[in-house]
Amino acid sequence: MSGVNIDWNRVAQEFGTPLYLYDFDHFREQFLKLKNAFKARKSIIAYAVKANSNLSVVKHFAQLGSGADCVSILEIKRALLAGVDKYKIIFSGVGKRDDEIEEALRLDILMINVESEGELQRVEEIAKKRGRPARISVRVNPNIDPKTHPYISTGLSKNKFGVDIETAKKLYLYAHKSPHLEPVGIHFHIGSQLTQLEPIREASQIVADLVRSLKSVNIDIRFFDVGGGLGIVYKDETPIDPYDYGQAILSTLSGLDLTIICEPGRFLVGNGGYFLTRVLYEKRNGEKRFVIVDGAMNDLIRPSLYQAYHKVELIGGEDGEPEPADIVGPVCESGDFLRKDVPLPPTKPGDLIVVHSAGAYGFTMASNYNSRPRVPEIALENGKIRLIRRRERFEDLIAPEIDYLI
Ligand SMILES: *Cc1c(COP(=O)(O)O)cnc(C)c1O
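Keep in mind that this is a model prediction, so the values were computed, not measured.

Colleague: Any chance you could explain the overall build of the chain here in plain terms?
Modeller: Per the secondary structure count, the chain includes 12 helices and 17 strands. Computed over C-alpha atoms, the radius of gyration of the chain comes to 23 Å, within 12% of the 22 Å expected from 2.2 N^0.38 for 406 residues, which places it in the range of a compact globule. For the chain, contacts bridging at least 24 residues in sequence account for 71% of all contacts bridging at least 6. Summing over all exposed atoms, the chain offers an accessible surface of approximately 18000 Å²; the carbon and sulfur share of this is 50%. Charged side chains in the chain number 53 positive and 55 negative. The centres of these two groups are separated by 5 Å.

So, in structure tokens, the structure goes:
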């Protein structure tokens, strides 16, 4: 069932559990599929670093020519360190601090993606102080229901992201007049794990029409940033075909000479990631069966946070009828589970459980809750495995806490 051909027992023995393993070959295939979908135009695939920000992962994409969509200044530093060209880096996010804006301008990235009127003014002031105009795009909220989970929908008026069409127009007119601002791009991102094409096409149409009306007043937008959000298969979803996705967007851009920017995160890395955990015990509370493993919500929070479904695969197991069990971790929270009510045969301590589709928003959302060290990350490429982040140690956890020494 595992998408990769790998001896999980050997991996567990070599690196210990829990851990993340990433299939770099899958990452590359996904990247090329999307790049190909836009081949009729100039395009930049700007990997959304927040999905999986391991430097080796970002470097892997950088070597394929990827740009980076970053939501904090330190993500930008990661992207640069990993070899992403500065002119392919976009800075997004609703709450940028002054020091982040200043540093982004100093680093001369492609553009700052502005999400409010207040932010536009801050960028203007900071650019003025530096004496060099700032390249910006405005994140437009097209008020389209992406038909995804409410926590990961971002393109509705009730969401905190972007500005409405009328405000966007106002901001572009303002930026156009300002000697300190250079409006070069336009941006929308309506949600994550999108599986329906129509909302994307509609949003693209709305934003493309805005580009046309800006053009009529001599505001020449060069970068059309369609955000990320392409969904993947976790369970039984029918994902959008990248080719259809490309066609849907291109169909809204007739007569416009634009470079398309696409910012996928999950699509590139989601299905290529595996979380490997080991069975510690089984127990029953009344009728309820629990399989207790060494991985927990602090390592992979998606099931607890979004009720996200992840396919699980048992390596080992005993003879016997499969019976429903909750797979739970050692963290002191009732919400600490990886799957609920999954039919499993009897297990024994030491069996392995592979959690699939854990490459996006897995490790990057991990915490040290319960003083649990963050787990190692392993790359699989051309049939070879290598460690790309070692397991944290006690010393890593306590290093910033120096007060107790005094
Ligand atoms: C999170 C995010 C993305 C990536 O979203 P995915 O669903 O992982 O593709 C792209 N652009 C912006 C602005 C984001 O915030």
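Next comes the rest of the account.
Colleague: Is there a simple way to explain the site of the ligand in this structure?
Modeller: Taken together, the neighbourhood of the ligand is formed by 15 residues, with Lys 50, Ser 192, Gly 229, Glu 263 and Tyr 361 sitting nearest. Here an oxygen atom of the ligand sits 2.8 Å away from a polar atom, N or O, in the side chain of Lys 50. Coverage of the ligand by the protein chains reaches 94% of its 390 Å² of free accessible surface. Here the residues of the shell around the ligand sort into three nonpolar, seven polar and five charged.

Colleague: Would you explain unusual backbone geometry in this entry?
Modeller: Most peptide bonds adopt trans geometry, and most residues besides glycine take a negative phi value. For the peptide bond that leads from Thr 17 to Pro 18, omega is -5°, which places it in the cis range. Residue position: Pro 18 is located in the loop between helix 1 (8-15) and strand 1 (19-23). With a phi close to 55°, Gln 193 is a non-glycine residue in the positive phi region. Mapped onto the secondary structure, Gln 193 falls in the loop between strand 7 (181-187) and helix 8 (197-215).

Colleague: Just checking my understanding: could you explain the environment of Thr 167 for this structure?
Modeller: Looking at the element boundaries, Thr 167 is found in helix 7 (residues 165-177). Residues Thr 167 and Val 138 lie 29 residues apart in sequence; the distance between their C-alpha atoms is 9.8 Å.

Colleague: Can you help me understand the pattern of salt bridges in this one?
Modeller: For side chains bearing opposite charge, pairing can occur when the charged atoms are close. By the definition in use, this model includes 30 salt bridges. Among the ionic pairs, Arg 386 bridges to Glu 381, the shortest N-O distance being 3.0 Å. Beyond isolated ion pairs, a larger network of salt bridges with shared partners links Asp 25, Arg 28, Glu 381 and Arg 386.

Colleague: Can you walk me through the side chain of Ser 178 in this structure?
Modeller: Examined against the element boundaries, Ser 178 turns out to sit in the loop between helix 7 and strand 7. Here Glu 124 takes part through its side chain, which lies 2.7 Å from a polar atom of the side chain of Ser 178. Looking at Ser 178, its side chain comes within polar contact range of the main-chain nitrogen of His 180, at 3.0 Å.

Colleague: Explanation requested: helix 8 in the structure shown.
Modeller: Counted at 1.5 Å a residue, the expected span for helix 8 with its 19 residues is 27 Å, and the 27 Å between its end C-alpha atoms agrees. Of all the positions in helix 8, only Pro 199, Ile 200, Ala 203, Ser 204, Val 207, Ala 208, Leu 210, Val 211 and Leu 214 are classed as buried. Angular distribution of buried residues about the axis of helix 8 spans 165°; they occupy a single face of the element. Buried-residue contacts for helix 8 involve helix 7, strand 7, strand 8 (223-225) and helix 9 (242-250).

Colleague: Looking at this structure, I do not really get the packing of aromatic side chains. What am I missing?
Modeller: Here a ring pair, both rings aromatic, is described through the centre-centre distance and the interplanar angle of the planes. Evaluation of the coordinates by the stated rule reveals 11 aromatic pairs. Between Tyr 20 and Phe 275, the aromatic rings sit 5.0 Å apart at their centres with planes inclined by 45°, giving tilted as the arrangement. Residue Tyr 20 is located in strand 1, and its partner Phe 275 is located in strand 10 (residues 273-285); the two are separated by 255 residues in the primary sequence. Residues Tyr 20 and Phe 275 agree in their burial class; the two are buried. For the ring pair Tyr 47 and Phe 61, a centre distance of 4.6 Å and an interplane angle of 35° mean the geometry is tilted.

Colleague: Can you walk me through the packing of helix 6 (residues 117-130) against helix 7 in this structure?
Modeller: The geometry of a pair of packed helices is captured by two quantities: the angle between their axes and the separation between those axes. Helix 7 packs onto helix 6 with a crossing angle of 15° between their chain directions and a minimal axis gap of 11 Å. Comparing their axes, helix 7 and helix 6 come out roughly parallel. Between helix 6 and helix 7 lies a crossing whose hand is right-handed. Listed contacts from helix 7 to Glu 117, Leu 120, Gln 121 and Glu 124 of helix 6 are Lys 170, Leu 171 and Tyr 174. Broken down by class, the residue content of the contact of helix 6 with helix 7 amounts to three nonpolar, one polar and three charged.

Colleague: How should the state of the cysteines be read in this particular structure?
Modeller: Cysteine pairs can be linked by a disulfide, which is a covalent bond between their two sulfur atoms. For the structure on display, the rule yields zero disulfides. The thiol sulfur of Cys 70 is not disulfide-bonded, and the nearest other cysteine sulfur, from Cys 262, lies at 15 Å.

Colleague: Whenever I open this one, the packing of helix 5 (residues 98-106) against helix 6 confuses me. Can you help?
Modeller: Running from amino to carboxyl end, helix 5 crosses helix 6 at an angle of 50°, the nearest separation of the two axes being 10 Å. Between helix 5 and helix 6, the crossing angle belongs to the class labelled oblique. Along this stretch, helix 5 crosses helix 6, giving a crossing that reads as right-handed. Contact with helix 5, carried on its side by Asp 98, Ile 101, Glu 102, Leu 105 and Arg 106, involves Arg 122, Val 123, Ile 126, Ala 127 and Arg 130 of helix 6 and no other residues of that element. Among the residues forming the contact of helix 5 with helix 6, the class breakdown is five nonpolar, no polar and five charged.

Colleague: When you look at the nonpolar core in this model, what are you seeing that I'm missing?
Modeller: When a protein is soluble and globular, its nonpolar side chains tend to lie buried together. Grouped together as the largest cluster of nonpolar side chains are 95 residues, with contacts concentrated most on Ile 186, Phe 224 and Tyr 245. The biggest single contributor to this core is helix 8, with seven residues. In this structure, this core is formed jointly by two domains, domain 1 (38-264) and domain 2 (271-397), each of which donates at least three residues. When neighbours within four sequence positions are excluded, Tyr 245 is seen to be in contact with Leu 34, Phe 38, Leu 197, Ile 200, Val 226, Gly 227, Gly 228, Leu 230, Ile 240 and Cys 262. If you look at the next biggest cluster of nonpolar residues, it comprises 15 residues, including Phe 15, Leu 21, Ile 315 and Ile 378.

Rules of the game
- Residues numbered from 1 in each chain as written.
- Predicted model: local features only at pLDDT ≥ 70, side-chain atom pairs only at ≥ 80, totals over all residues.
- Heavy atoms only, no water.
- Helix = DSSP H or I, 4+ residues; strand = E, 2+ residues; numbered from the N terminus.
- Rg over C-alpha atoms; globule rule 2.2 N^0.38 Å.
- Contact = heavy atoms within 4.5 Å.
- Areas by Shrake-Rupley, 256 points an atom, 1.4 Å probe, with all protein chains shown as cover.
- Lys, Arg positive; Asp, Glu negative; His and termini not counted.
- Charge placed at Lys NZ, Arg CZ, Asp CG, Glu CD.
- Near = heavy atom within 4 Å.
- Polar contact = N/O pair within 3.5 Å; in protein donor to acceptor, adjacent residues only side chain to side chain.
- Nonpolar A, V, L, I, M, F, W, Y, C, P; charged D, E, K, R; others polar.
- Salt bridge = Lys/Arg side-chain N within 4 Å of Asp/Glu carboxyl O.
- Expected span 1.5 Å × (residues − 1).
- Buried < 20%, exposed > 50% of the residue type's maximum accessible area, 1.4 Å probe, protein only.
- Arc of directions from axis to C-beta.
- Phe/Tyr/Trp six-rings, centres within 6.5 Å; stacked < 30°, edge-to-face > 60°.
- Axes fitted to C-alpha atoms, helices over the stretch in contact; angles between N-to-C directions.
- Parallel < 35°, antiparallel > 145°, perpendicular 65-115°, else oblique.
- Left-handed = near helix turned anticlockwise from the far one by under 90°.
- Disulfide = S-S within 2.5 Å.
- Core = buried A, V, L, I, M, F, W, Y, C linked by side-chain atoms within 4.5 Å.
- Domains from an automatic or database assignment.

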